[in-house]
Amino acid sequence: MAKEGKLKRIAAQIEKCRRCLLWKSPKAVPGTGDPDSEVMFIGEAPGFHESRQGLPFVGVAGKLLDKLLKDIGLERNEVFICNMLRHRPPGNRDPLPEEIEACRSFLDEQIQIIKPKIIVTLGRFSMNKFLPGEKISRIHGQARYVDFLGKRYIVVPMYHPAAALRNGRIMEEIKEDFQKIKVFLEENPEEEIMEKNREDKQLKLV
Ligand code: URA
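Residues numbered from 1 in each chain as written. Predicted model: local features only at pLDDT ≥ 70, side-chain atom pairs only at ≥ 80, totals over all residues. Heavy atoms only, no water.

(A) Focus on the overall build of the protein chain. Broken down by element type, the protein chain carries nine helices and six strands. For the protein chain, the C-alpha radius of gyration of 16 Å lies close to 17 Å, the compact-globule estimate for 206 residues. Viewed in the frame of its principal axes, the protein chain has a C-alpha envelope of about 45 × 40 × 35 Å. Residues counted as buried form 49% of the 206 residues belonging to the protein chain. Residue pairs at least 24 apart in sequence account for 72% of intrachain contacts in the protein chain once pairs closer than 6 positions are excluded. Total accessible area on the protein chain stands at roughly 10,500 Å², and carbon and sulfur atoms take up 52% of it. Looking at the protein chain, you have 36 positive and 31 negative side-chain charges, and the mean spots of the two groups are 6 Å apart. (Helix = DSSP H or I, 4+ residues; strand = E, 2+ residues; numbered from the N terminus. Rg over C-alpha atoms; globule rule 2.2 N^0.38 Å. Buried < 20%, exposed > 50% of the residue type's maximum accessible area, 1.4 Å probe, protein only. Contact = heavy atoms within 4.5 Å. Areas by Shrake-Rupley, 256 points an atom, 1.4 Å probe, with all protein chains shown as cover. Lys, Arg positive; Asp, Glu negative; His and termini not counted. Charge placed at Lys NZ, Arg CZ, Asp CG, Glu CD.)

Right under this line is the structure:
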């Protein structure tokens, strides 16, 4: 089956999912975008507007995401955008560990189908999936190699756009960090990434 068909099958499973109580929210938000994209963005969970429309990042944080993408010459339909959770937590509270676990297989399968070159995590919950124990303030905008389900990905943790809307310093940082996506897509950043992976190892040894 082609990528698009496989992604549609997962979207249908998400719509029927009852693994946690969040299914009671208005609409499931399976994710959207180009199945052949080299970049995949993973946010936290749908908010009010996302849950009404069934689409990720369509509220204010989404408008900022669109602008950040435009600034690097990308439209949202040229990348793939999804979340750790596929239904809205009430009141936009943080995802619970059991909700993340209930949704995990959907995300893992989408990653395995799309096989992006770069995974951009937006916020700490998606960062923790690939880089557990890390601090976003230390590593935002830096690329790491992460071996995940038999393939090596470039993972670039970023602040969540909603955090940028609340804090001017983070807004400046997220704009700079997005520029790096362009560089990582156009160049082979292997040396830089290996250096960062080595620094992490040393930090963990001391
Ligand atoms: N915040 C997220 O993390 N995801 C969305 O889809 C919208 C807001």
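More follows now that the structure is in view.
(B) Region of interest: the site of the ligand. The ligand sits among Gly43, Glu44, Ala45, Glu50, Pro56, Phe57, Asn83 and His160. Between the ligand and the protein, one listed contact pairs an oxygen atom with a backbone N or O atom of Glu44 at 2.7 Å. Between Asn83 and the ligand, the recorded distance is 2.8 Å, taken from a side-chain N or O atom to a nitrogen atom. Within the complex, the protein chains bury 91% of what would otherwise be the 240 Å² of accessible surface of the ligand. (Near = heavy atom within 4 Å. Polar contact = N/O pair within 3.5 Å; in protein donor to acceptor, adjacent residues only side chain to side chain.)

(C) Molecular detail of the pairing of strand β5 (residues 144–148). Along β5, four of the five residues are buried, which leaves the element largely enclosed by surrounding structure. Sheet topology places β5 next to strand β6 (residues 151–158); five bridges connect them, and they run antiparallel. Residue pairing across strands places Tyr145 opposite Ile154, the latter belonging to β6. (Pairing = 2+ DSSP bridges.)

(D) Seen up close, helix α1 (residues 3–16). Its 14 residues place the ends of α1 20 Å apart at the C-alpha level, agreeing with the 20 Å of an ideal helix rising 1.5 Å per residue. Those residues of α1 that sit buried are Leu7, Ile10, Ala11 and Ile14. One face of α1 carries all of its buried residues, which in axial projection span an arc of 105°. In α1, the exposed positions that point more than 90 degrees away from the buried face belong to Lys8, Glu15 and Lys16. (Expected span 1.5 Å × (residues − 1). Arc of directions from axis to C-beta.)

(E) View of the environment of Ala143. Tracing the backbone shows Ala143 in the loop between α6 (136–139) and β5. Classification of Ala143 by relative accessible area gives buried; the value is 3%. Sequence separation of Ala143 and Ile181 is 38 residues, and the distance between their C-alpha atoms is 9.2 Å.

(F) Expanded view of the sheet that holds β5. Sheet architecture is open: six strands sit in the order β1-β3-β2-β4-β6-β5, paired in mixed fashion. Edge strands, defined here as strands with exactly one partner in the open sheet, are β1 (32–33) and β5. For strand β2 (residues 39–43) and strand β4 (residues 118–122), the ladder comprises four bridges, and the chain directions are parallel. Residue pairing for β4: Met40 is matched across the bridge by Ile119.

(G) The pattern of salt bridges, seen in detail. Under the criterion given, the structure shown has 19 salt bridges. One salt bridge in this structure joins Lys129 and Asp108, with 2.7 Å as the shortest N-O distance. Here the residue Lys129 occupies a position in helix α5 (residues 124–130), and Asp108 occupies one in helix α4 (residues 97–114), the gap between them amounting to 21 residues. (Salt bridge = Lys/Arg side-chain N within 4 Å of Asp/Glu carboxyl O.)

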